[in-house]
Amino acid sequence: MSLIFALFAPLVGSIALLLFDRVALRSIRYTALTVSLAAFGFALAAFLGFDASSPQFQMVVDKPWIPSIDAGFRIGVDGMSILFVLLTAITMAVAVLASFKTIHEREKQWYSMLLLLQFSVTGCFVALDTMLFYTFFELLLIPMYFIIGIWGGERRIYAALKFFIYTMFGSMIMLVALVWLSLYVQQTTGHFTTNLLILREVAPTLGLSVQTWLFAAFTLAFCIKIPLFPVHTWLPDVQEQSPVVGAMIVGAVLFKIGVYGLIRFVLEFFPAASFEYATVMCALGAIAVVYGGLVAIVQTDIKRMAAYALVCSLGVVVMGIFSMTPEGLQGAIIQTFNHGLSVSALFLCIGYVTERRKSTTLADFGGLARVMPVFTVFFAISIFSLVGLPGLNGFVGEYLLLLGTFRSPFLNTWVFGIVGAVSGTLAAAYFLKMLQKIAFGKNDREENQVLSDLTPLEIAQLLPATILMLWIGLYPATFMRVSEESTQALVGKLEVLKFGKTTYAESLEKMKHPTKSEHQNNEEHKESSKK
Amino acid sequence: MRPNLFYGLPVDLFYGLPIVLMTFVCLAAIVVSALLRNNSKVVFVFSCVGLVAVIGAACLLFPNGTAFQGMISVGVYSSFFDILFCSAALLVMIAGRSYLQRMEFEFDEFYLLILLATSGMMLMAHANHLLITFIGIEVMSVSFYVLAAYMRTKTLSVEAGLKYFLLGAFATGFLLYGMALVYGATGGAMEFGAIRSAVGREPSSLLLMAGTGLIIVGLCFKVAAFPFHSWAPDVYQGAPTVVTAFMSTAGKAAALSAFYTLMNALIPDGSPEATKIYMLLAVISAASMLFGNIVAATQTNVKRMLAYSSVAQAGYMMMGLVAGTKAGMTGMMMYLASYMFTQIGALVVASIIETKYGENLEFSDYAGLSKSQPALAGLMALFMFSMVGIPPLAMFFGKYYLFTAAIDAGFTWLAVVAAVATVISAYFYLGLIVTMYFKQQNEGQAVLQTEPGLSGITLVLSASGVIMLGLLPALLVKLTTLGL
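Residues numbered from 1 in each chain as written. Chains lettered and ligands numbered in written order. Predicted model: local features only at pLDDT ≥ 70, side-chain atom pairs only at ≥ 80, totals over all residues.

**Quick word on the overall build of chain B**
Secondary structure assignment for chain B yields 20 helices and four strands. Within the span of chain B, comprising 484 residues, buried residues form 62% of the whole. Here the analysis covers contacts within chain B between residues at least 6 apart in sequence; of these, 78% occur between residues at least 24 apart. (Helix = DSSP H or I, 4+ residues; strand = E, 2+ residues; numbered from the N terminus. Buried ≥ 20, exposed ≤ 12 C-beta atoms within 10 Å, placed from the backbone. Contact = placed C-beta atoms within 7 Å.)

Here's what the structure looks like:
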């Protein structure tokens, strides 16, 4: 039940806010905050109630919606999606809190849009029906479009349209592929359905040539969302023009849908095509790493620099996904989770200084450590976490991703591992440059000498993410064990398809026969290995 | 054998009840209007009540069959269209009253012509005979010619009427000639069942192919599909806004309903000719989608934009014809219903914003509307998002069903073209939202003051239609597939 509440609480809040008087700012803000905190509470309850020892979908709800095409209101979470649900809830609560002081125009609509966005993003992560997923996937364009378009910077209209049309293009092509897939299921099983659980059983039986087309359609849609080179070009404009909270949501939550989609849909639906084109995808990831990193280094605008930094770091994640090893996938998931936390902290920090200084040009800053010591601490933590300093969360994900890419039996090359390692160096180059230019060096501008340090409200916004960053860095198992079984089951499935055997038979067994005891599983495992 | 009498009345009257009733309402309205001079309120109320009654009659959903010696067919298909046409007429009439009062142009004839056009449309959907199809098309078209030129003191409106009349008459010529050729080729068959069996016997006759081709040309004109669309932008722009709403939704739906039944009779199953005809229709459909949307993207006038986009919409609807299957028909009907609510809603918003002198129709006049008229802007945004096909709004599901039908029939490429065209359309539909929400009101632009009046009812009904069909498309799907 908590999952349903976590999904629908923001929607209810979003609609309820519309009924408020638009001058009642205090009640609007605190209602929005209450709703997002409540949604976080429900997400946390779902997280705590999740049984990590099973790779199955849990907390499943299955209600008929459109019987004629067998589309249902089907939701549920497994070890991968529950983390994303939690991340969304945390980030959006922080986003609401961060809007208190930064949004001064049409506040009622702002919070309403923010909650609507939370509803659709959460929906993407929990949907177990392609029709439902697509609905959420498209629905989130509406709030995002308004967030950029109404509250954005000078070239906001251009950025909003670019964002919308880019994403729309990907998703329309994906829609055709989705319809095609459902029709294929109709041919093989006799029933048209959009049920994800059935589609993922049937889709891998497709021939390679057809899989390639569908793989291309899905990958395009998700790579635009991630965004992967060469379809990343909407990102810098959007990041630059969005209000800071909007940029934070794009960076921390929106990209994650692309990553999640690649794992949930592309790998599971089209394994044959994924084997075939893993190298291509990894190569694109590698290009994104090098290109994004190099471009980030030379940026003079803080927001644009952060945007290219995102392109760079997500390239590594894509390589991890297509390594198709448990380490790579685990790394991709935990890294996206980490990345969400660190990026939201980073964007909040960027927001504080650019708001105080009314400038986003890197050269306008310098030596803020002296006037804003508390800020510098938080800023440095988020930067170091993104660089991958051991002891902070970034390191854990980075390490796993590299391990996965190196060890992958599908890629069978160490080249991508090297590129992944280079990404760390590049990240150090641009992020440390950002840190140094802003916080250290000489404070030779008068405007910069009078800046005030963080207020308690701002510290409260940064604390949740910072605590989690340290937590994951020191004891990652809390979060990693949640997704372990699910990723192993997925990799097990892929390995069976490619090599005919797997090292993760146990998880795979559990997936098929959830009711059997561990003992039986082990016996079967032994028998099968004897054969 | 079914009985010939039903409660002592000829059974044909029962099966043909929606049409009979509609004709009666039409004629009675003329009498009412003649008896009570210049009392348009009575005519308005009478027409509305009449339409509701016809919807009620159509809701009885008669069993599939024919009536009046095989001249008209009855069943779920035609009843669905009856309900669609009458709902469109009702929505337009309610909005039209306040619009025409604002324009100081309210005459009884508006209601009478709308009723007359509706009865023509119903004949088209019910037709089981070439003559009935033709009579229906003519009744509808002639009413439309007059309606387009309804504001007779305004140049644009008169131009629209004349243009529509001349080009429409030309297209009717094509259609009629095609029908004559089919008549000859099939050895004198005019009833659809007879045509179908004659076509099945000799599918490759040149005469028949020529006839079918000419009929396709004539009907493509009526649905405003590329390359027979050139009248649409001028006529849709010049005609009174509520009339545009009626012509572009119900008129298109009527033409498509006839298109489907005619193609059903004329295209032989599984012959090489059928493949050719389907390919021809697919090309027309693809070209309409691309052309309509690309040109719409360059428009600065809201009515013209919606006119060109309706060319593209005709292309989407024709995907159902291209599929030529029951699924295609369901998709087409779904799409028509959702398009009706969306397009009428959008044009009625435009009609509320329009001033007495036909101004305020440019995109730039909508700048800052979200501040001055938040409710109108919100509704317009809703309709635009529905047009783009964002789930869970009505038109998304129409598209989904059409895509499914087209891909199932082997026209995956057409679905891809439709997907690309949809992305193009996002540009200009969103363009309107950009103007309303992201741009500030121009300097010196008068603050818009307008009272929606009765139009508000239409807007509320259309908006709830858009949302309801989006959240629960199952209701409509059930209706369209009933008894198939």
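Moving on from the model shown.
**What about the environment of M190 of chain B?**
Residue and element names in this part refer to chain B. With respect to the helices and strands, the residue M190 is situated in the loop between helix 7 (155–185) and helix 8 (192–201). Taking the number of C-beta atoms within 10 Å as the measure of exposure, M190 has 19 and is therefore partly exposed. Residues M190 and M121, spaced 69 residues apart in sequence, show a C-alpha to C-alpha distance of 19 Å. For M190, the residues in contact, after removing those within four places along its chain, are H129, L130, L131 and Y183.

**Considerations on the environment of S87 of chain B**
In this fold, S87 of chain B is placed in helix 4 (residues 76–103). Each C-alpha atom, one on S87 of chain B and one on M340 of chain B, is 9.1 Å from the other, the two residues being 253 residues apart in sequence.

**Focus on the interface of chain A and chain B**
A common way to state how big an interface is: give the accessible area lost once the parts meet. Contact with chain A, which involves 26 residues of that partner, is made by 24 residues of chain B. The leading source of residues in the side of chain A that touches chain B is helix 7 (residues 156–189) of chain A, at 14 residues.

**Some words on the pairing of strand 1 (residues 58–66) of chain A**
Looking along a regular strand, one sees side chains alternate from face to face of the sheet. Note: strand 1 of chain A against strand 2 (residues 71–77) of chain A, six bridges, orientation antiparallel. Each residue of the ladder has a partner; that of I66 of chain A, found in strand 2 of chain A, is A71 of chain A. (Pairing = 2+ DSSP bridges.)

**Focus: the packing of helix 10 (residues 234–241) of chain A against helix 13 (residues 302–323) of chain A**
All names here are of chain A. In contact at an axis separation of 8 Å, helix 10 and helix 13 are set at 140 degrees when each is read in the N-to-C sense. Taken as axis vectors, helix 10 and helix 13 run oblique relative to one another. Considering the relative orientation of helix 10 and helix 13, their crossing is right-handed. Touching L235, P236, Q239 and E240 of helix 10 are K303, R304, A306, A307, Y308, L310 and V311, all from helix 13. Looking at the contact of helix 10 with helix 13 residue by residue, the class counts come to seven nonpolar, one polar and three charged. (Axes fitted to C-alpha atoms, helices over the stretch in contact; angles between N-to-C directions. Parallel < 35°, antiparallel > 145°, perpendicular 65-115°, else oblique. Left-handed = near helix turned anticlockwise from the far one by under 90°. Nonpolar A, V, L, I, M, F, W, Y, C, P; charged D, E, K, R; others polar.)

**Observations concerning the confidence of the model for chain B**
Residue and element names in this part refer to chain B. Of the residues in chain B, 95% reach a pLDDT of 70 or more, and the chain-wide mean stands at 87. The least confident element of chain B, judged by mean pLDDT, is strand 1 (residues 5–6) at 62; the most confident is helix 6 (residues 130–148) at 93. Across the whole predicted complex the pTM is 0.88, and at the interface the ipTM reaches 0.85. (pLDDT = per-residue confidence, 0-100.)

**Observations regarding helix 10 (residues 231–238) of chain B**
Residue and element names in this part refer to chain B. The element helix 10 is extensively covered by neighbouring structure, given that seven of its eight residues are classed as buried. The set of residues buried in helix 10 consists of W231, A232, P233, V235, Y236, Q237 and G238. Those residues of helix 10 that are buried are in contact with helix 6, helix 7, helix 11 (241–266) and helix 13 (302–323).

**Some words on the pairing of strand 2 of chain A**
Buried residues dominate strand 2 of chain A, accounting for six of its seven residues. Turn length for the strand 1 of chain A-strand 2 of chain A hairpin, with the two strands adjacent in sequence and antiparallel, is four residues, and the turn residue D70 of chain A shows positive phi of about 50 degrees.

**Thoughts on the packing of helix 14 (residues 326–353) of chain B against helix 17 (residues 394–408) of chain B**
Residue and element names in this part refer to chain B. Where helix 14 contacts helix 17, the two axes come as close as 8 Å, and the packing angle between them is 160 degrees. Here helix 14 lies roughly antiparallel to helix 17, going by the angle between them. Handedness of the helix 14/helix 17 crossing: left-handed. Contacts from A327, G328, T330, G331, M332, M334, Y335, S338, Y339, F341 and T342 in helix 14 reach A394, M395, F397, G398, Y401, L402, T404, A405 and D408 in helix 17. Residues of the contact of helix 14 with helix 17, tallied by class, amount to 12 nonpolar, seven polar and one charged.

**Some words on the confidence of the model for chain A**
All names here are of chain A. Residues with a pLDDT of 70 or more make up 95% of chain A, whose mean pLDDT is 83. Averaged pLDDT values for the elements of chain A fall to 45 in helix 23 (residues 518–530) and rise to 90 in helix 5 (residues 130–139). Segment residues 515–531 is flagged for pLDDT under 50; beyond a separation of four residues in sequence, or across chains, it makes nine contacts in the model.

**Points about unusual backbone geometry**
The omega torsion of the bond from F226 of chain B to P227 of chain B falls at 0 degrees, within 30 degrees of zero and hence cis. For the peptide bond that leads from P391 of chain B to P392 of chain B, omega is 0 degrees, which places it in the cis range. Residue position: P392 of chain B is located in the loop between helix 16 (374–388) and helix 17. Even without being a glycine, R106 of chain A presents a positive backbone phi close to 40 degrees. Inspection of the secondary structure assignment puts R106 of chain A in the loop between helix 3 (79–102) and helix 4 (107–126). R106 of chain A sits in the partly exposed class, given 17 other C-beta atoms within 10 Å. Although it is not a glycine, F68 of chain B sits at a positive phi angle of roughly 50 degrees. Note that F68 of chain B resides in the loop between strand 3 (65–67) and strand 4 (72–74). Given 19 C-beta atoms within 10 Å, F68 of chain B falls into the partly exposed group.

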